[in-house]
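Per-entry structural report
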Amino acid sequence: MSAIAKMPVKARAASLKTVADLETARLVPANSGLEAVAEKYAIGITPAVLELIDRNDPADPMALQFVPSAAELLTTPDEREDPIGDLSHSPVEGIVHRYPDRVLLKAVHVCPVYCRFCFRREMVGPQGLGTLTSAELDAAMDYIASHTEIWEVILTGGDPLVLSPRRLAGLMERLRGIEHVKIVRFHTRVPVVEPERIDAEMVAALTSSGKTTYLAVHANHPREFSAVAKAAFKALVDGGVVLVSQSVLLRGINDDVETLAALMRGFVENRIKPYYLHHPDLAPGTGHFRLSIEEGQQLVAALRGRISGLCQPTYVLDIPGGYGKADIGAATVSAGDGCFRVRDWQGEEHAYPPG
Ligand code: SF4
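Below or above, wherever it landed, is the structure these notes cover. (Residues numbered from 1 in each chain as written. Predicted model: local features only at pLDDT ≥ 70, side-chain atom pairs only at ≥ 80, totals over all residues. Heavy atoms only, no water.)

Focus on the sheet that holds strand β12 (residues 349-352)
- Pairing within the open sheet is antiparallel, and its 3 strands lie in the order β10-β11-β12. The open sheet has two free edges, formed respectively by β10 (333-336) and β12, since each of these has just one partner strand. When the angles between neighbouring strand axes are averaged without regard to direction, this sheet yields 30 degrees.
- Where strand β11 (residues 339-343) meets β12, 4 bridges bridge the pair, whose relative direction is antiparallel. Of the residues in β12, the one forming a bridge with Val342 is His350. (Pairing = 2+ DSSP bridges. Helix = DSSP H or I, 4+ residues; strand = E, 2+ residues; numbered from the N terminus. Axes fitted to C-alpha atoms, helices over the stretch in contact; angles between N-to-C directions.)

Some points on a nonpolar patch on the surface
- Taken together, the side chains of Val333, Phe340, Val342 and Tyr352 make up a nonpolar region of the molecular surface, amounting to roughly 380 Å² of accessible area.
- Following the sequence through the fold, Val342 ends up in strand β11. (Patch = residues over 30% accessible without salt bridge, like charges linked within 9 Å, V, L, I, M, F, W, Y side chains within 5 Å. Areas by Shrake-Rupley, 256 points an atom, 1.4 Å probe, with all protein chains shown as cover. Salt bridge = Lys/Arg side-chain N within 4 Å of Asp/Glu carboxyl O.)

Thoughts on empty space enclosed by the protein
- Taken as a whole, this structure holds 1 cavity of 30 Å³ or more when the rule is applied.
- One number sums up the size of the largest cavity: a volume of about 50 Å³.
- For the lining of the largest cavity, a count of residues per class yields 6 nonpolar, no polar and 2 charged. (1 Å grid on protein atoms, 1.4 Å probe; cavity = no way out; pocket = protein on both sides within 12 Å on 5 of 7 lines; lining within 4 Å. Points joined across faces, edges and corners; volume = space filled by probe spheres on them. Nonpolar A, V, L, I, M, F, W, Y, C, P; charged D, E, K, R; others polar.)

Overview of the environment of Ala200
- Take Ala200: it is sitting in helix α9 (residues 200-206).
- In this structure Ala200 comes out as exposed when scored by relative accessible area, which is 52%.
- Residues Ala200 and Ala25 lie 175 residues apart in sequence; the distance between their C-alpha atoms is 32 Å. (Buried < 20%, exposed > 50% of the residue type's maximum accessible area, 1.4 Å probe, protein only.)

As structure tokens, this is what we get:
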């Protein structure tokens, strides 16, 4: 039996889901007046996340990620309900086909936690798009089976790991039969926010398609690497799952080079290859988390000089409207006068070729 399987089930205590729950847990003051926020956007704080929150720090980066605030009622003209254009690339319910060789399969639209900056906040939660019906799932699988250019299926949502191992194994069994699909990738916060779900049965389900299984772990602050989260990462890697990271660059949470460096090193130390650092999307009511692209580029450039190449993520923007991801890391090369100018990590330019 793995260390994970032997862990006590303390974390099975109920999650916090209402303003009253937050008030009782002293995460917000009594009579906080947050009902208007809760009516618009779901709340979810698991016992594992609750343990990481420092109630004595009004700027606690864990609290900022999960505890709602009145700032979410402010929207800017640039913000939109579907910031990355999922709906304009959805040929059938539950599928987003934005790039030729891969699709998103969004089987569920619920999560164990609800991040206050979520890019799909209008779609997830108890009042969101729900779970695919069996007829919708059939149509989604038919779509994947009939498009032979689809090499990779990315299960996202919502968080696909809220499904039971039995239901996930059922989905994997259906993908197993589609020859042209070679890679199955999961996007999830579960190993960090509800790590007790990662037991031997879950790992077996995730790898049961017979395809190569990738899992993108979403974490934004080094404090998310708790002992139980680390045990979950270990169980996944040892069980044959390849782990990559995804993080969102967020004001007040990880917008300084020390925190970002510790986050990226934490991933690598846990055998998670840093993959994407997302510029925050234009989701409604999230302006208080957004940095400028210029600020983001300066942070990413500072990371380059400070930490190993193994720890470098790609800084990306999902172009609003559904045009896909663009690498927006600081431009380090410019062409002119018959040579290139290449900028080093300290901002100095050098000609290439050097002559
Ligand atoms: S886990 Fe992902 S989909 Fe769910 S609320 Fe957080 S960012 Fe949104």
